[in-house]
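# Descriptive structure summary
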Amino acid sequence: MDASCPLCGRPLVPGPSVNEHHLVPRRYGGRERVAMHRICHDKIHAVLSEADLRDHYHTPDRLRAHPEIAAFLRWIAGKPPEFVDGHHGARGRRRR
Ligand SMILES: [Zn+2]
Ligand SMILES: [Zn+2]
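In what follows, the accompanying structure is described. Keep in mind it's a predicted model, so treat the numbers as computed, not measured.

## Concerning the coordination of the zinc ion (ligand 2)
For the zinc ion (ligand 2), every protein donor is listed as His21 (ND1), His41 (NE2) and His45 (NE2), and the spread of their distances is 2.0 to 2.1 Å. Sequence positions of the donors to the zinc ion (ligand 2) reduce to the motif H-x19-H-x3-H. Within this pair, whereas His21 is found in strand E1 (residues 18–22), its partner His41 is found in helix H1 (residues 38–47), the two being separated by 20 residues in sequence. You can call His21 buried: its relative accessible area is 0%. On the basis of relative accessibility, which here comes to 11%, the residue His41 falls in the buried class.

## Examining the packing of aromatic side chains
Counted according to the given criterion, the structure contains 2 aromatic pairs. Judged by centre distance (5.9 Å) and plane angle (75°), the ring pair of Trp75 and Phe83 falls under edge-to-face. Phe83 gets classed as partly exposed once you look at its relative accessible area, which sits at 23%. Ring-pair connections join several aromatic residues into one group, and the members of that group are Phe72, Trp75 and Phe83. The ring centre of Tyr28 lies 4.4 Å from the NZ or CZ of Arg54, which sits over that ring. The residue whose ring lies beneath Lys79 is Phe83, and the NZ or CZ to ring-centre distance is 5.3 Å.

Cut-offs used in this document
- Residues numbered from 1 in each chain as written.
- Chains lettered and ligands numbered in written order.
- Predicted model: local features only at pLDDT ≥ 70, side-chain atom pairs only at ≥ 80, totals over all residues.
- Heavy atoms only, no water.
- Donors = N, O, S within 2.8 Å, 3.2 Å for Na, K, Ca; no water.
- Helix = DSSP H or I, 4+ residues; strand = E, 2+ residues; numbered from the N terminus.
- Buried < 20%, exposed > 50% of the residue type's maximum accessible area, 1.4 Å probe, protein only.
- Phe/Tyr/Trp six-rings, centres within 6.5 Å; stacked < 30°, edge-to-face > 60°.
- Lys NZ or Arg CZ within 6 Å of the ring centre and 35° of its normal.

This is the structure:
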């Protein structure tokens, strides 16, 4: 798989830095899922409610146009593709 993140455009490295996002929340019957960075995914849900996602922000282009997400994307652009924010998921350093 050589995919890139629909939000930030950086490569997706299979493993714990990658998550799936429902473009329309499952609660509202959404089925379409996209793979994206966990950190990008967390940002979406930190900024937008599920109703916002359903009503307007159900495409990557619309997400990228949100001012807070746009600012995040400028910040994340310089981080390595496997970068995961320090305060979640820092456990599990042992890898198999
Ligand atoms: Zn990303
Ligand atoms: Zn999501």
